[in-house]
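Fold and contact review
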Amino acid sequence: MSAPESSVSAKLNNTLASKLDSSSHRARNNAMGMMALVASIREQENQIREGGGAKAVEAQHAKKRLTARERIALLLDPETQLFELSSFAAFNMYEEWGGAPSAGVVTGLGRVAGKLCMIIANDATVKAGAFFPMTAKKVIRAQTIAMESRIPTLYLVDSAGIFLPLQEDVFPDQDDFGRIFRNNAVMSAAGIPQITAIMGMCVAGGAYLPVMTDHVLMTEGSGLFLAGPALVQAAIGQKYSAEELGGATMHAEISGTVDFKEPNDHLCIARLRSLVAKIGQGKQAPFSQVPFHSEKDAPKYAASDLYSLLDPDPAKAAVNAYDTHELIARIVDKSEFDEYRPDYGRTLICGYARIAGTAVGIVANQKTSQPQTSHTGEKRVEFGGVIYAESAEKAARFIMDCNQNLVPLIFLHDVNGFMVGRDAEWSGIIRAGAKMVTAVSNSTVPKISVIIGGSFGAGNYAMCGKAYDPRFIFAWPTARYAVMSGASAANTLVEIKIRQLERGGKKLSDEEKQELLASIKATYEEQTDCRYAAARLWVDAIIDPAKTREALMTALEAASLNPDVPKFNVGILQT
């Protein structure tokens, strides 16, 4: 390096400085509240992981079969863990049928023979692994992630097929049961490895899944048939045993459907690991990646500080104030951040960094109010968490730059929405917002969203909500999804209800109005909770704030498996 170059490098200081005092009274209270919330989420997750309960586990073991989670533990490389996705799927749903913990299927990213794989495992302890509506949607979401990132996908099948009482909501629609097999075919055509291990029942329409993958493994005592013995007898009057009709020996020796017949779960999983070890290494994505050292390149500040960043009280979702640079400083390599236009459109922070050596572009809502000078020379203070015309314009340009330069994007949500009012309208907020939404919509580099606090209104769209195809979308326990914040929405809904009642001739007392407000607010708060969102697959995982960086590292590794980035074409922009 020449002297002038060395001198220039020495002057650059892009390390974020932290002013977060984790010992302050406010920070300690925030941390205590956040850790209690995280503990509550984890306790519920542990209950979900019990599946159908102890008796159902005993019944599975009595058949000499392992549970889904026991199978996954054997499948994964030693000392590694499953990065579980959608564990809260179907949470508090299907109660009239006894519930369906985790929608009766376990999905997630795990390392098998050194390779990052998507794992989809039926949980036979939950209604014999039957498919509820959310089961199909959860499997499809896992396949979608695998397709977008070209991740080898392993299916551990043990399912009784569609849950018949809800068949109308599982069978016919675009994102229902049939989409799974369509995805099998599309993934195969795209060259994405898929291997199925049948370790239990695989019946009816579900029997197509394994046969549409690259390899089929099957254990003795399992069944693979379009119709079981009882249905065959009822339909055509013929009597056959399950083994004769669709056992492993028959499929290995007569139909030729099974590639590998194994005596039990343990050996089947050992064979599966052996096959995965022989999958070739594909091309890597064209993103900038540099050698990474887990200690030398770690952030300069403790991840545990993030517990104290914001107040976890749901009522504070729209009004929490904190400097988002503090969050960025704890998730990026060496806490280094090249901020883009730092003095313009300050309620959105944009800039470049690296995470585990991979270059990323970050778009984040700034939650502290910011001074700004308008194009007319007027000085004003802009509210934190609100997107103004200037910030939307800046973010749109930054997103386009990232696509032009093949830089994956990370969106950190804590957004109240776009600014409203006369001044905002005169500034062209609709035009600027449309420009940002257009850039997000047409972005072709991988997008990863993390919802920190509120994700309200059209702000959710501009910050790459679920409708805008993020490769992954994660949520802190403090995340809130809604058209507007709880207090505003509850008051609006109460006014609407009161007018309806008054038009019907009923006048409410002040006490009745307060009861109505409390009832509506409780319902609205439940529906904005991150667990409600996770139950419906609006987020892929609820993550511990202190593990945000780890989640992003896993997501970026997965995204880097796909070498193809479509050409970016932003379309028509409002100017």
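Attention here is on the structure that accompanies the text. (Residues numbered from 1 in each chain as written. Predicted model: local features only at pLDDT ≥ 70, side-chain atom pairs only at ≥ 80, totals over all residues. Heavy atoms only, no water.)

**Observations concerning the overall build of the chain**
Rules: Secondary structure elements are defined from DSSP: runs of H or I of at least 4 residues count as helices, runs of E of at least 2 residues count as strands, and each element is numbered from the N terminus. Computation of the radius of gyration draws on C-alpha atoms alone. For the globule rule, the value is 2.2 Å times the number of residues to the power 0.38. Using a 1.4 Å probe on the protein chains alone, a residue whose accessible area is under 20% of its type maximum counts as buried, one over 50% counts as exposed, and one in between counts as partly exposed. Residues count as neighbours in contact if any of their non-hydrogen atoms are within 4.5 Å of one another. Only the protein chains shown count as cover for residues, with accessible areas throughout obtained via the Shrake-Rupley method and a probe of 1.4 Å. Charged residues are defined here as Lys and Arg on the positive side and Asp and Glu on the negative side; His and the ends of the chain fall outside this count. A charge is said to be at NZ when it belongs to Lys, at CZ for Arg, at CG for Asp and at CD for Glu.
Per the secondary structure count, the chain includes 20 helices and 20 strands. In terms of overall dimensions, the chain is globule-like: its C-alpha atoms have a radius of gyration of 26 Å, near the 25 Å expected for 575 residues. For the chain, buried positions account for 52% of its 575 residues. Here the analysis covers contacts within the chain between residues at least 6 apart in sequence; of these, 75% occur between residues at least 24 apart. Of the roughly 25,700 Å² of accessible surface on the chain, 54% is carried by carbon and sulfur atoms. Mean positive and mean negative side-chain charge positions of the chain (59 and 63 charges, respectively) differ by 3 Å.

**What to know about a nonpolar patch on the surface**
Short version of the rule: Patch construction takes residues with relative accessible area above 30% that form no salt bridge. Like charges are linked within 9 Å, and nonpolar side chains (Val, Leu, Ile, Met, Phe, Trp, Tyr) are linked within 5 Å. Think of a salt bridge as a Lys or Arg side-chain nitrogen and an Asp or Glu carboxyl oxygen that are within 4 Å of each other.
Residues Tyr-208, Met-212 and Leu-226 make up a contiguous nonpolar surface patch of about 290 Å² in total accessible area. Accessibility expressed as a relative area gives 44% for Tyr-208, which makes it partly exposed.

**Re the pairing of strand β10 (residues 348-355)**
We count it as follows: A pair of strands counts as paired when DSSP detects no fewer than two bridges linking them.
Of all 8 residues that make up β10, 6 are buried, and the element is covered over most of its length. Two strands pair when backbone bridges link them, and β10 and strand β11 (residues 358-365) are joined in this way by 8 bridges, in the antiparallel orientation. Across the sheet, residue Ala-353 finds its bridge partner in β11, namely Val-360. Two successive antiparallel strands, β10 and β11, enclose a turn made up of 2 residues, where Ala-356 displays a positive phi of approximately 55°.

**With respect to the side chain of Asp-158**
As a reminder of what qualifies: Whenever a nitrogen or oxygen atom comes within 3.5 Å of another N or O atom, the pair is scored as a polar contact, on the condition that within protein one atom can donate a hydrogen and the other can accept it, and that pairs from neighbouring residues in sequence are kept only if both atoms are in side chains.
Positionally, Asp-158 belongs in strand β4 (residues 153-159). A polar atom in the side chain of Asp-158 sits 2.9 Å from the side chain of Gln-60. Within the local environment of Asp-158, its side chain forms a polar contact with the side chain of Arg-71, the two groups lying 3.2 Å apart. Once residues lying within four places of it in the same chain are set aside, the contact partners of Asp-158 are Gln-60, Arg-65, Arg-71, Asn-122, Ala-124, Ala-128, Gly-129, Met-199, Gly-200 and Met-201.

**Some words on the packing of aromatic side chains**
Applicable threshold: The rule is short: rings of Phe, Tyr and Trp, with Trp giving its six-membered ring, pair when the centres are within 6.5 Å, and they are stacked under 30 degrees, edge-to-face over 60, tilted in between. In this analysis the charged atom, NZ for Lys or CZ for Arg, is taken to sit over a ring once it is within 6 Å of the ring centre and within 35 degrees of the ring normal.
Within this structure, the stated rule accounts for 13 aromatic pairs. Seen in terms of ring centroids, Phe-177 and Phe-181 are 5.1 Å apart; in terms of plane orientation they differ by 80°. Their pairing is edge-to-face. Taken together, the residues Phe-177 and Phe-181, both in helix α6 (residues 177-189) and 4 residues apart, mark about one turn of the helix. For the pair Phe-177 and Phe-181, a shared accessibility class is recorded, and that class is buried. Put simply, the rings of Tyr-94, Trp-97, Phe-132 and Phe-163 touch in pairs and so form one group of aromatic residues. Just above the ring of Trp-426 sits the side chain of Arg-422; from NZ or CZ to the centre is 4.5 Å. Taking the ring centre of Tyr-532 as reference, the NZ or CZ of Arg-536 above it sits at 3.5 Å.

**Structural notes on the environment of Glu-495**
Mapped onto the elements, Glu-495 comes out in helix α17 (residues 486-503). Note on Glu-495: relative accessible area 41%, which makes it partly exposed. Measuring from C-alpha to C-alpha, the distance between Glu-495 and Leu-517 comes to 9.2 Å, with 22 residues separating the pair along the chain.

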